[in-house]
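Structural description and commentary
Each chain, letter by letter, is given below.
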Amino acid sequence: MKKLLFFGLMLLATSMQAQTARKFTLNLTDDGKAEMVCFLPETSSGKAIVGVPGGGYSVLSNNHEGTMASGWLNQQGIAYFVVNYRLPEGDRTKPMNDVMKGMRIVRDSAEVWGINPHDVGIMGFSAGGHLASVISTHAPFDARPDFSILFYPVISMDERVSHKWSCVNFLGEEGQKNPDLVRDFSTMNVVRSHLTPPAVIITASDDRLVPFVTNGLEYYKAMRNAGNDCAMFVYPTGDHGFGFGPWFKYHDQLLTDLGNWLQARQTPQPGAIRVACIGNSITDGYCVDMRTAYGYPAQLQKKLGNDYWVKNFGVSARTMLNKGDFPYMNEMAWQDALAFKPDVVVIKLGTNDSKPENWQYGSEFRQDLEQMITTLRPDLAQPAKKKGKKSKTPVAEPKPRILLCTPIPAFKPSWNISDAVITNEIIPIQQEVAKKYGLQVVDLHTLFANDGDKVAEDGIHPDAKGADRLAQIIFEAIKQ
C-alpha cells in the first residue's frame, strides 16, 4: 500500500512539473535590442500568450512579470512568448512595434508551433499592462490579440491619476503636454465594441503605485459599457508588482481564477467558416445589454455552431453613404472586416441613410453600395477602361458569399429615420444592385414586419428577443 502511495505521489509530482518541451530566443530587431523568449509546451492546447513585462517603461521586470509564468502556462498546454521590448525613451513606437512584431511572428509560425492563430492572447504587467492594452486597442487586426490579461495595469496617461514615470517615459515630456495624445493612449478612451478583445484584469485593492480606481477599473468600465467581455479579480492585499511570484498571498487562488477564465473562453476552431456581420447600431446591438453575448451576431454564432466563426463588425449610427454623417467605410470596423477574410458577409446598412440629413446624398447610395460590394469581391468589379492611380481602399482576398439585408421596418420615426425612404427608395436600389451582382437578398423589412413587439421603445432597435429573431432569419438564409 505504501509503495502504491509513493508511486502515486511520484506521478503527481511529475505531472505538476513544468511541461516545457523547447525554449529558445528570437531577435526582434536587427541590432538585438529587442528579443522574444519562447517557451513551447510538450502538449499544446493550441492557445498562446505573448507576455509583456512591466517596469515603468524605464526597466524590464522580466522575471516574476515575465519568464516565471512559463512553467504554469506550459503545464496548461499554453505556448508562452516573453517580449523583451525596447524602452520607449519618449518614442512609444519602439515598444509598440516590438510587441506587434512578436504577435505577428507567433501567428505566422502557428502551424509549426502547434498554435491556433485565432487563440493568441497578450499578458501585460503594470506598464506592460498599459502596453498590452495599447496593442489591444490600437494595433491593426493582424497584430491585435484575441484576448488580454492585464495585471495591475497602467491605463491612464494622465500622470495626476496614474503612475507618473510610466506616462512620461511612454509619451515623452512633450507628449505629456499634448492632450490628444494623453487621451488617445489612456486606453479606456479607445475601447471599441466588438473590436477590442475580451479582457481580464488582475489587481490588488491596496495598490499604492498604480491607483486601481483610476486605471484598471476605468478599463473595466469602458469594456462593460461597450458591451465587451471583461472580468476582474481584485484581491484584498498584495500592493503592486506581485506578478507570478509565489510569495503573493493569493497566488494559488490567482492561478485558479486565471485558469478558469482561460478555460471558459470559446475559441473558433481552425477551418471554421468565417461570417462577418457588417452594419449599424442594429448589428452592433444597441439596446441589447451585453451585446457580445446577446446581440444578433452572438445569437447567430450559437445557432450556426462550432463549424462557423461569426464576428460582429457593427458600428452604431453608421451609413452606407460616404457623404453621410458617419460613413461606415471610414471605420476601423470596415478595415477589420476586410482583414478578417470572411467566407460569408452579411451587410445590414441603410437605416441611418434614410435620415433627411443623409438622404440628401441619396443619388450616391447605389455607387457607394457597389463600392462596398466590389471591395469585398473585386472579381465582381468591371475592368477599368482607363489607367489611373491605384485605390487606397484595402482589398479583401477571398471571394465571400454576400448576403445583402434590407433594413428592418422603422416602427417609429425616431432619430429622423424614415420608413418611407427605406421602403420606396433604399430597398429598390438594394434589390437592383443585388440582381446586378448576383447577390442573395435577405428581406428583413418583410420578414421582421410582424415583430414590432421585439423592438425597444424607440421603434428602431431590436431588443434581445428581436436580436434572436434577426439571428434566426439570417441563420436560415445562410443555411439555405
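Just above sits the structure.
Summarised in this report is the structure supplied together with it. (Residues numbered from 1 in each chain as written. Predicted model: local features only at pLDDT ≥ 70, side-chain atom pairs only at ≥ 80, totals over all residues. Heavy atoms only, no water.)

**Focus: the nonpolar core**
F81 and I115 are the most contacted members of the largest nonpolar core, which totals 52 residues. In terms of residue count, helix α3 (residues 93-108) provides more of this core than any other element does, 6 residues in total. Not counting residues within four places of it along the chain, the set of residues in contact with F81 comprises M36, V37, C38, L40, A48, I49, V50, G51, V106, W113 and I115. Of all hydrophobic cores here, the second largest spans 40 residues; its members include V315, L349, L369 and L376. (Core = buried A, V, L, I, M, F, W, Y, C linked by side-chain atoms within 4.5 Å. Buried < 20%, exposed > 50% of the residue type's maximum accessible area, 1.4 Å probe, protein only. Helix = DSSP H or I, 4+ residues; strand = E, 2+ residues; numbered from the N terminus. Contact = heavy atoms within 4.5 Å.)

**Remarks on the pattern of salt bridges**
All told, the structure shown has 22 salt bridges when counted by the stated rule. Its salt-bridge partner being R265, residue D119 comes within 3.3 Å of it at the nearest N-O pair. Of this pair, D119 sits in the loop between α4 (110-113) and β5 (120-125) while R265 sits in the loop between α9 (251-264) and β9 (273-279); the two residues are 146 residues apart in sequence, bridging distant segments of the chain. The exposure classification of D119 matches that of R265, with both residues buried. The closest approach of N and O atoms between R224 and D289, which form a salt bridge, is 3.3 Å. Taken together, the residues R224 in helix α8 (residues 216-225) and D289 in the loop between α10 (281-284) and α11 (291-294) connect sequence positions 65 residues apart. Relative accessible area serves as the criterion here: at 32%, R224 is assigned to the partly exposed category. In the salt-bridge network here, residues are joined through shared partners; they are D451, D453, K454 and R469. (Salt bridge = Lys/Arg side-chain N within 4 Å of Asp/Glu carboxyl O.)

**Describing the sheet that holds strand β12 (residues 401-405)**
Reading across from one edge, β10-β9-β11-β12-β13 is the order of the 5 strands in this open sheet, with parallel pairing throughout. Because the sheet does not close on itself, it has two edges, and the strands there are β10 (308-314) and β13 (440-442). The sheet shows a mean angle of 20° between the axes of neighbouring strands, taken without regard to direction. The sheet contact formed by β9 and β10 spans 7 bridges and is parallel. Directly across from R274, in β10, lies its bridge partner W309. The strands that helix α18 (residues 464-479) touches are β9, β10, β11 (344-348), β12 and β13; relative to β12, the one it contacts most, it runs at about 145°. (Pairing = 2+ DSSP bridges. Axes fitted to C-alpha atoms, helices over the stretch in contact; angles between N-to-C directions.)

**Brief notes about α8**
Looking at α8, one finds that the buried residues are G216, Y219, A222 and M223. Projected down its long axis, α8 carries its buried residues within an arc of 125°, all on one side. Buried positions along α8 lie against α5 (127-138), β6 (148-151), β7 (199-204) and β8 (230-235). At the C-terminal side of α8, G227 shows a positive phi close to 80°. (Arc of directions from axis to C-beta.)

**A look at the pairing of strand β2 (residues 35-41)**
Counting buried residues in β2 gives 6 out of 7 residues, a clear majority hidden from the surface. Looking at chain direction, strand β1 (residues 20-27) and β2 are connected through 7 bridges and run antiparallel. Counterpart to K23 in the pairing with β2 is F39. The pairing of β2 with strand β4 (residues 79-84) spans 5 bridges and is classified as antiparallel. By the bridge assignment for β4, E35 is matched with N84.

**Examining the packing of α3 against α5**
α5 packs onto α3 with a crossing angle of 70° between their chain directions and a minimal axis gap of 10 Å. Considering the angle they form, α3 stands roughly perpendicular to α5. For the crossing formed where α3 meets α5, the hand is right-handed. Side by side, α3 and α5 meet where P95, M96, V99 and M100 of the first sit next to L131, V134 and I135 of the second. Counted by class, the contact of α3 with α5 contains 7 nonpolar, no polar and no charged residues. (Parallel < 35°, antiparallel > 145°, perpendicular 65-115°, else oblique. Left-handed = near helix turned anticlockwise from the far one by under 90°. Nonpolar A, V, L, I, M, F, W, Y, C, P; charged D, E, K, R; others polar.)

**With respect to the packing of aromatic side chains**
Inspection of the entire model under this criterion finds 23 aromatic pairs. Their ring planes at 25° and their centres at 5.3 Å tell us that F81 and W113 sit as a pair that is stacked. Of the two residues, F81 sits in strand β4 while W113 sits in helix α4, which places them 32 residues apart along the sequence. Across the pair, exposure class does not vary: F81 and W113 are buried alike. Sitting over the ring of F24, R22 keeps its end group 4.1 Å from the ring centre. (Phe/Tyr/Trp six-rings, centres within 6.5 Å; stacked < 30°, edge-to-face > 60°. Lys NZ or Arg CZ within 6 Å of the ring centre and 35° of its normal.)

**What about the pairing of β12?**
The element β12 is largely enclosed, with a buried count of 4 among its 5 residues. As paired elements, β11 and β12 share 4 bridges and run parallel to each other. Across the sheet, V346 pairs through a bridge with L403, a residue of β12. Viewed along the sheet, the connection from β12 through helix α16 (residues 419-437) into β13 turns out right-handed. (Right-handed = clockwise from strand over helix to strand, strands pointing away.)

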